[in-house]
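One-letter residues, chain by chain:
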Amino acid sequence: MKKVNILLIAAATILMISCGQQQDQGNQQMVAENPKVTAATVNAEYVAQLQVYPTTIEADIVNNIAPQSAARINKICVEVGDKVEAGQTLALMDDVNLEKARLQLINDSIEFGRIEQLHEIGATSQSDYEAMTLKYDVSRKTYNNLLENTVLKSPISGIVTARNYDEGDMYAMAQPLFVIQKINPVKMLINISESKYSQIKKGMEVDITTDAYGDQVFKGTVDLIYPTINSMTHTFPVEVKFANKDLTLRPGMFARVTVNYGDNFRVVVPDRAVMKQVGSGEQYVYVLNADGTVTYTVIELGRRMGNKYEVISGLDDNATVVLTGQTKLKNGITVDVVK
């Protein structure tokens, strides 16, 4: 019996020693399993304060060409897409009324000449002379007005962007006969926040990009700053112009105008370091401390620049941030940094 007790005591001792060794091994294993991360030091640099405004390209001038009254269209002289010069004939309307006015003008011109000669020698009254002068002046203006509305000419140099009637149609004043647009230059209207009002200056250079031309950048300028702020949106309109000498940009194109408001000295962080909190949407990084622990740090981001972000607030210059391995981290945990 005594022998059996001795054996039981020995077995219990061995078991306790074995459990202690396993616990020590487990503790050693837990100590060795600190999360492994990579890290990098971030620095402040000058960051251009760019703001992008979506807009639509417009013609500098749009003219709707039409006669003053209904008339038959005798001839169409231009087509959609044609380039026209100021003063170029676009269409010829029915000229019956113009011919009547021409004959009346000739008759009044002859009569005025006769009355003028008699007036010079005192053979006619002042009232008759003034009446004839007025009649002749009215005839001349009537003829010129009919001429302008019979021989339709372009008031500007531009491109024909619409033709709404054909030869032989009766112009019925429902819509213009032609639309002429001047597209060199072109203009764009953007709405800017009132906080930027003091930073926008006439003549400022801006960058223009379009879907039609991909990454190609066109240089425009601020041409007009509206003097009032919209009380509902707290924005103000700004008109941007682009010379468009080769007529590359066309009205109706979608465009983006990028305005540079100057440089700010801000910390820049790699995009790999930035995480987003599920639910709240706040953005954060883990900052690596000198003792090997990490701190959960909420940051406010500015613009993205390739694979980096501008940090508006929350992160100090020369801080070290975790780049990879963030999913296993918690605030205050110790990590092992690997290269």
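A brief look at the structure comes next. (Residues numbered from 1 in each chain as written. Predicted model: local features only at pLDDT ≥ 70, side-chain atom pairs only at ≥ 80, totals over all residues. Heavy atoms only, no water.)

**Things to note about the side chain of Ser139**
Structurally, Ser139 can be placed in helix α3 (residues 126–150). Look at Ser139 and you get buried, because its relative accessible area is 9%. Sequence-distant contacts of Ser139, defined by excluding residues within four places in its chain, comprise Gln104, Leu105 and Asp108. (Helix = DSSP H or I, 4+ residues; strand = E, 2+ residues; numbered from the N terminus. Buried < 20%, exposed > 50% of the residue type's maximum accessible area, 1.4 Å probe, protein only. Contact = heavy atoms within 4.5 Å.)

**Here's the deal with the pattern of salt bridges**
Applying the stated rule across the entire model yields 14 salt bridges. Linking Glu99 and Arg102 is a salt bridge whose minimum nitrogen-to-oxygen distance equals 2.6 Å. Here Arg102 and Glu99 lie together in helix α2 (residues 96–120), a separation of three residues that amounts to about one turn. Judged by relative accessible area, Arg102 falls into the partly exposed class, the value being 33%. The structure contains a network of salt bridges with shared partners spanning Asp60, Asp223 and Lys241. (Salt bridge = Lys/Arg side-chain N within 4 Å of Asp/Glu carboxyl O.)

**As for the nonpolar core**
Core analysis: the largest hydrophobic core is formed by 26 residues, its most contacted members being Ile200, Ile208 and Val259. Secondary structure elements with two or more residues in this core: β2 (43–65), β9 (178–193), β10 (205–210), β11 (218–225), β12 (235–242) and β13 (254–270). For this core, the leading source of residues is β9, giving five residues. Counting residues in each nonpolar core, the second largest holds 17 residues, with Ile76, Val78, Leu177 and Ile180 among its members. (Core = buried A, V, L, I, M, F, W, Y, C linked by side-chain atoms within 4.5 Å.)

**Observations regarding α2**
Because each turn of an α-helix spans 3.6 residues, side chains separated by three or four positions end up pointing in the same direction. The terminal C-alpha atoms of α2 lie 36 Å apart, and with 25 residues this matches the ideal 36 Å at 1.5 Å per residue to within 8%. Three or more residues of α2 are buried, namely Leu98, Ala101, Leu105, Asp108, Phe112 and Ile115. The secondary structure elements touched by the buried residues of α2 are α3. Downstream of α2 by a residue or two, Gly122 has a phi angle that is positive, lying close to 75°. (Expected span 1.5 Å × (residues − 1).)

**Here's the deal with the packing of aromatic side chains**
Summed over the entire model, instances satisfying the criterion amount to 10 aromatic pairs. By way of ring pairs, the aromatic residues Phe112, Tyr129 and Tyr136 are connected into one cluster. Cation over ring: Arg140 sits above Tyr136, and NZ or CZ is 4.8 Å from the ring centre. We note Lys196 situated over the ring of Tyr261; from NZ or CZ to the ring centre the distance is 4.5 Å. (Phe/Tyr/Trp six-rings, centres within 6.5 Å; stacked < 30°, edge-to-face > 60°. Lys NZ or Arg CZ within 6 Å of the ring centre and 35° of its normal.)

**Examining unusual backbone geometry**
Following Asn184, the chain continues to Pro185 via a peptide bond in cis, the omega torsion being 15°. Tracing the backbone through its elements, the reader meets Pro185 in strand β9. Unusually for a residue other than glycine, Asn244 sits at a positive phi of about 55°. Counting through the fold element by element, Asn244 comes out in the loop between β12 and β13.

**Remarks on α3**
Here α3 contains 25 residues, and its C-alpha end-to-end distance of 36 Å stays within 8% of the 36 Å for a straight helix at 1.5 Å per residue. Taken residue by residue, α3 has Tyr129, Met132, Tyr136, Ser139, Tyr143, Asn149 and Thr150 as its buried positions. Lining the buried residues of α3 we find β5 (89–93), α2 and β6 (151–153).

**Focus: the side chain of Arg266**
Within the secondary structure layout, Arg266 lies in strand β13. Reaching out from Arg266, the side chain makes a polar contact with the side chain of Glu310 at a distance of 2.5 Å. Once you skip the residues sitting within four places of it in the chain, Arg266 turns out to touch Asn43, Ala44, Glu45, Val47, Gln49, Glu310, Val311 and Ile312. (Polar contact = N/O pair within 3.5 Å; in protein donor to acceptor, adjacent residues only side chain to side chain.)

**Comments concerning the pairing of strand β7 (residues 158–163)**
Each regular strand shows side chains that alternate between the opposite faces of the sheet. With two bridges joining them, strand β4 (residues 83–84) and β7 adopt antiparallel strand pairing. In the sheet register, Lys83 faces β7, and the bridge partner there is Ile159. Summarising the sheet, β7 and β9 pair through four bridges and their orientation is antiparallel. The partner of Val160 across the bridge, within β9, is Ile180. (Pairing = 2+ DSSP bridges.)

**Observations regarding the sheet that holds strand β8 (residues 170–171)**
With antiparallel pairing, four strands are arranged side by side in an open sheet as β6-β5-β3-β8. In this open sheet, the two strands that pair with only one neighbour each are β6 and β8. Across two bridges, strand β3 (residues 71–76) lies against β8 in antiparallel orientation. The residue bridging Arg72 from the neighbouring strand is Met170, located in β8. With respect to the sheet, α3 is in contact with β5 and β6, its orientation differing from that of β6 by roughly 70°. (Axes fitted to C-alpha atoms, helices over the stretch in contact; angles between N-to-C directions.)

**Side note on a nonpolar patch on the surface**
Among the surface-exposed residues, Leu103, Ile106 and Ile110 lie close enough to one another that they form a single nonpolar patch of about 290 Å² accessible area. Its place among the elements puts Ile106 in helix α2. Under the relative-accessibility criterion, Ile106 is labelled partly exposed at 39%. (Patch = residues over 30% accessible without salt bridge, like charges linked within 9 Å, V, L, I, M, F, W, Y side chains within 5 Å. Areas by Shrake-Rupley, 256 points an atom, 1.4 Å probe, with all protein chains shown as cover.)

By themselves, these are just geometric observations and shouldn't be taken as functional.
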